[in-house]
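Close look at the chain arrangement
In case you want the letters, here they are:
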Amino acid sequence: AGEVAERLASAGAALLVRAVGEIASGEARRLPQDHARATYAPPLRREEEQINWTDEALSLYNLIRGLNPRPGAYTTFRGRRLKIWRAALPAAAGGGIKETGNASVSLPEDALPGTVLAHEGRLLVAAGKGGILELLEVQPAGKRPISGGDFYRGYRLGAGARLGE
């Protein structure tokens, strides 16, 4: 959402200048809104921002992208809120996940959604339907945003730690 907003701001500024010029010259076309096609988007509720690790990895990835930069998606870790700012979908490769280079990690069969997977210090989390999501940038409550890898190392996460409990 943040990336799209930046692109729209630039395009919108140029269109605004053009529209003001057309209004000033009397050349602007006036088109009434078709109220039958108008829709209402209510404000997001806090529970819609919370990550449900049983959802598929692609849905979680899109939720995180859609809520960045405001209000941000979140989960919990050790009873405190953990904002998730950026994530990635590792490419599926056979029975595991193909990472950058030749390293791969497979999802243990007993891994519950929200389980942290140990893999070269990266913050990989089990999602629903056997998916995996890599958390690239997170923000612990009351702290500054940090990389997922730094969070993994700094909070001494090990395989089996859970998010969202």
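Below is a summary of the structure that appears in this document. Just so it is clear, the structure is predicted and the values come from calculations on it, not from any experiment. Each chain carries its own residue numbering, running from 1 in the direction its sequence is written. Two thresholds apply to this predicted model, a pLDDT of at least 70 for residue-level local features and 80 or more for giving and counting side-chain atom pairs, whereas whole-chain, interface and lining totals are computed over all residues. Computation of side-chain values covers all heavy atoms of the structure but excludes hydrogens and water.

**Considerations on the pattern of salt bridges**
Every case where a carboxyl oxygen of Asp or Glu lies within 4 Å of a side-chain nitrogen of Lys or Arg is listed as a salt bridge. According to the stated counting rule, one finds nine salt bridges in the structure shown. Across the pair Glu-49 and Arg-46 runs a salt bridge, and its minimum N-O distance is 2.9 Å. Here Glu-49 pairs with Arg-46, and both are found in helix α2 (residues 46–49), just three residues apart, close to one helical turn. Relative accessibility under 20% of the residue-type maximum defines a buried residue, over 50% an exposed one, and the middle range a partly exposed one, all with a 1.4 Å probe and only protein chains included. Residue Glu-49 is classed as buried on the basis of its relative accessible area of 6%. Arg-46 sits in the partly exposed class, given a relative accessible area of 44%. With its nearest N and O atoms 3.1 Å apart, the salt bridge here joins Arg-162 to Glu-165. Numbering goes from the N terminus for both helices and strands, where a helix is a DSSP run of H or I of at least four residues and a strand is a run of E of at least two.

**Describing the environment of Gly-160**
Position of Gly-160 relative to the elements: it lies in the segment after α4 (148–154). For Gly-160 and Asp-110, which are 50 residues apart along the polypeptide, the C-alpha to C-alpha distance reads 10.0 Å. Working rule for contacts: check all heavy atoms of both residues, and any pair within 4.5 Å makes them a contact. With near-sequence residues (within four places) excluded, Gly-160 lies in contact with Thr-115 and Val-116.

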